[in-house]
Amino acid sequence: MEIDHSNADLTCMRLSRFFLPVLKETPSDAQIISHQLMLRAGMVRQQSAGIYSWLPLGWKVLQKISDIVREEQNRAGAVEMLMPTIQSADLWRESGRYDDYGQEMLRITDRHERDMLFGPTNEEMITDLFRTYCRSYKDLPKLLYHIQWKFRDEIRPRFGVMRGREFLMKDTYSFDLDEAAARHAYNRMFVAYLNTFSRMGLQAVPMRADTGPIGGDLSHEFIVLAETGESEVFCNADLVEMGAPGPDVDWDGDLQPLVDQRTALYAATEEMHDADAFAQVPEDRRLSARGIEVGHIFYFGTKYSEPMKAYVTHPDQKDRPVHMGSYGVGVSRLLAAIIEAHHDDKGCIWPESVAPFGAGILNLRAGDEAADTACESAYAALSEAGLDPLYDDTKERPGGKFATADLIGLPYQLVIGPRGLKENKVEVKVRRTGETHELSPEDAVARLGERAFSNG
RNA sequence: CGGGGCGUAGCGCAGCCUGGUAGCGCAUCUGGUUUGGGACCAGAGGGUCGCAAGUUCGAAUCUUGCCGCCCCGACCA
């Protein structure tokens, strides 16, 4: 994309114009590292129990995560749409869940005394949409998703956005003629999820999950291993090391072998754990750990289509309820999970795919003509190279700038100051390893631009 | 919802037991000295002590009620 430098000053992301309220001290009510770092790095601000404002830095990362989720959904053939957060209670009365859902659902009454609710999920609404427009087997299959805020009035919100009451979720819904066809949609999501989490630097292990009254084997939770995880999990260690299939899969072909490869080995959460089966896993491969559930997929057949009368006419001219599945990713929870997996004592270490900025430019003496000039030309060059840099042009002292850059996890830091410039030197620091390179400004910018320090 | 804990300046805390002028560190602002890994000196601003009632000459402090938040448990992306 062409960048218009005539307006460079306004498009330049200067820290002095950004909104980054970093905290030096850790707020006492944050218990886990991701919550602490999100508060310290000025990413979120709690507004009420389990309800957060997303400040610019947090919002930027959240959008990067959403974008990856979206790209992988699209790649797998899902079609994006957007349903509202507020729903009518009538739809939920049709499915019977208005009463079943209980206290977790936030119920609202509008000015006409109509019962409304803040959606905790969208099965009823999507089923209503489907039945409105689709009547024939020729309309199938359909795979639709949205990324929308949900509200679940949790008994006990905790761990920051990890278990918030308001949270951002990607939910996909599949509609198929029968179970066999639904299984293909299920497998698509299974593979898409492996790729999605892998792109964010997460190794997520699919684990058999409870299918409830539906039964069958078509429900999996995707678990990221982390010490602070809420679930106890047991699996074959080979699964953790197994890479993602990558984008070059034949989405219309048979995905079952890919799925089987990952479901053949033992993996279960606490509630599905079978100690005898686990004992069959070779001892050195037996892994018991804690995990964070970042995704959940399941096939639920006609659970909603039957009561809500979402029927399609089959080729034999008979009407039958459509077979459905739903597939959720906790987008806001993913952000916390990524921090849990990637941090050190100084702060966040973002995988580059979700880093809020691709690089930082630290002007150690803002106001010094040589430093200012060098920083500005570095900014232009790094922007041109697509690195989306953040320029720290503040008057803060160097120590504070280094600490902030590490805290918010800028993957590469271009350190420019008058002392180095006298010898035509600037410093490139790689956040993940802490290694530094002294280079001329031209070399530093060129090598950053060609991603020469990647995987450092 | 059961059990535990906490609400005092933006953040982290002391003061409460034993009632008597509301404090400390960080942050903020001003001036100065500094300036390459969270500087220093001097000064300044900022608080309905969660809310309400009660006891008392007098309540951050004692009593009661309410609200909010955090932690542990059963449920969940």
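Because the structure is predicted, anything quoted here is derived from the model rather than measured. Residue numbers here run from 1 along each chain, matching the order of that chain's written sequence. The lettering of chains begins at A and the numbering of ligands begins at 1, in the order of writing. Thresholds applied to this predicted model are a pLDDT of at least 70 for local features of residues and 80 or more for the giving and counting of side-chain atom pairs; totals over whole chains, interfaces and linings are not thresholded and use all residues. Derived side-chain values reflect all non-hydrogen atoms in the structure, with water molecules and hydrogen atoms excluded from consideration.

**Observations regarding the domain arrangement of chain A**
Next up, step 1: In this document the domain limits rely on a domain assignment from an automatic tool or a database. Per the domain assignment, the segments of chain A are domain 1 (5–18 + 357–449) and domain 2 (33–344).
Next up, step 2: Centre-to-centre separation of domain 1 and domain 2, based on C-alpha positions: 39 Å.
Next up, step 3: The contact rule is simple, with two residues in contact once any of their heavy atoms fall within 4.5 Å. Contacts between the two partners involve 7 residues from domain 1 and, on the opposite side, 9 residues from domain 2.
Next up, step 4: Take the accessible area each of two parts loses on contact, using a 1.4 Å probe, and add the two losses: that sum is the buried area. In this assembly, domain 1 packs against domain 2 so that about 720 Å² is buried in total across both faces, 58% of it on carbon and sulfur atoms.
Next up, step 5: When a carboxyl oxygen of Asp or Glu is within 4 Å of a side-chain nitrogen of Lys or Arg, the pair counts as a salt bridge. Across the contact surface, domain 1 and domain 2 share 2 salt bridges.
Next up, step 6: We note a salt bridge from Asp344 to Arg431, for which the minimum N-O separation is 2.8 Å.
Next up, step 7: Polar contacts, as counted here, are pairs of nitrogen or oxygen atoms within 3.5 Å of one another; within protein the pair requires one atom able to donate a hydrogen and one able to accept it, and residues that are adjacent in sequence qualify only if both atoms are side-chain atoms. If you look at where domain 1 meets domain 2, you find 2 residue pairs in polar contact (both at pLDDT 80 or more).
Next up, step 8: Under the scheme applied, nonpolar residues are Ala, Val, Leu, Ile, Met, Phe, Trp, Tyr, Cys and Pro; charged residues are Asp, Glu, Lys and Arg; polar residues are all the others, including Gly. Taken together, the residues of the side of domain 1 that touches domain 2 break down into 4 nonpolar, no polar and 3 charged.

**Let's talk about the protein's contact with RNA strand B**
Next up, step 1: The cutoff for a nearby residue is simple: one of its non-hydrogen atoms must lie within 4 Å of the molecule or strand. As a structural note, the neighbourhood of RNA strand B is formed by 46 residues, with Arg156, Arg163, Glu293, Arg397 and Gly420 the closest of them.
Next up, step 2: A breakdown of the atoms of RNA strand B within 4 Å of the protein gives sugar and phosphate a share of 47%.
Next up, step 3: Measuring from a phosphate oxygen of RNA strand B, one finds a side-chain N or O atom of Ser28 at 3.0 Å.
Next up, step 4: Interatomic distance of 2.9 Å between a side-chain N/O atom of Arg419 and a sugar or linking oxygen of RNA strand B.
Next up, step 5: For the purposes of this entry, the term helix denotes a DSSP run of H or I that reaches at least four residues, the term strand denotes a run of E that reaches at least two, and both are numbered from the N terminus. At the level of secondary structure, the elements contributing two or more residues to the surface near RNA strand B comprise β1 (44–48), β8 (166–176), β13 (286–301), α13 (398–408), α14 (418–421) and β22 (426–430).
Next up, step 6: Per element, the largest residue contribution to the surface near RNA strand B is 6 residues, and it comes from α13.
Next up, step 7: Considered class by class, the residues forming the surface near RNA strand B number 15 nonpolar, 13 polar and 18 charged.

**A word on the packing of helix α7 (residues 179–199) against helix α9 (residues 256–263)**
Next up, step 1: Look at α7 against α9: their axes get within 9 Å of each other, and the N-to-C directions meet at 65°. Between α7 and α9 the crossing geometry is left-handed. Of α9, the residues touching α7 (which contributes Arg183, Asn187, Phe190, Val191 and Leu194) are Gln256, Leu258, Val259, Arg262 and Thr263.
Next up, step 2: Tallied by class, residues from the contact of α7 with α9 come to 5 nonpolar, 3 polar and 2 charged. Axis definition: a line fitted to C-alpha atoms, limited for helices to the stretch in contact. Angles are taken between N-to-C directions and run from 0 to 180 degrees. Crossing handedness is defined as follows: a turn of the near helix away from the far one that is anticlockwise and smaller than a right angle gives a left-handed crossing, while the clockwise case is right-handed.

**A closer look at the packing of aromatic side chains**
Next up, step 1: Stacked, tilted and edge-to-face are the three classes applied to pairs of Phe, Tyr and Trp rings, where Trp contributes its six-membered ring and a pair requires centres within 6.5 Å; stacked means planes under 30 degrees apart, edge-to-face means over 60, and tilted covers the rest. Counted by the stated rule, this structure contains 14 aromatic pairs.
Next up, step 2: Look at Tyr193 and Phe222: their rings are 5.4 Å apart centre to centre, the planes differ by 65°, and that puts the pair in the edge-to-face class. Of this pair, Tyr193 sits in helix α7 while Phe222 sits in strand β10 (residues 219–225), and the two are 29 residues apart along the sequence. Just as Tyr193 is buried, Phe222 falls in that class too.
Next up, step 3: Here Phe234 and Phe278 contribute two aromatic rings whose centre-to-centre distance is 5.5 Å and whose plane-to-plane angle is 70°, an arrangement assigned as edge-to-face. Linking Phe234 in strand β11 (residues 231–236) with Phe278 in helix α10 (residues 275–279), this pair joins segments that are 44 residues apart in sequence. You'll find Phe234 and Phe278 in the same group, each marked buried.
Next up, step 4: To sit over a ring, a charge needs its Lys NZ or Arg CZ within 6 Å of the ring centre and within 35 degrees of the ring normal. A cation over an aromatic ring shows up here: Arg93 above the ring of Tyr98, its NZ or CZ 4.6 Å from the ring centre.
Next up, step 5: The side chain of Arg107 reaches across the aromatic face of Tyr98, ending 4.6 Å from its centre. Here's how the labels work: a residue is buried when its accessible area is under 20% of the maximum for its type, exposed when over 50%, partly exposed in between, all with a 1.4 Å probe on protein chains only.

**Considering the sheet that holds strand β20 (residues 389–392)**
Next up, step 1: Reading across from one edge, β20-β19-β21-β22-β23 is the order of the 5 strands in this open sheet, with mixed pairing throughout. Looking at strand neighbours, the two that pair on one side only are β20 and β23 (436–439), the edges of this open sheet. For this sheet, the mean inter-axis angle between neighbouring strands, taken without regard to orientation, is 20°.
Next up, step 2: The strands touched by helix α12 (residues 369–384) are β19 (359–363), β20 and β21 (412–416); relative to β19, the strand with the most contacts, the crossing angle is about 170°.
Next up, step 3: Docked against the sheet, α13 engages β19, β20, β21 and β22, running at close to 170° with respect to β19. For two strands to be treated as a pair, DSSP must find at least two bridges joining them.

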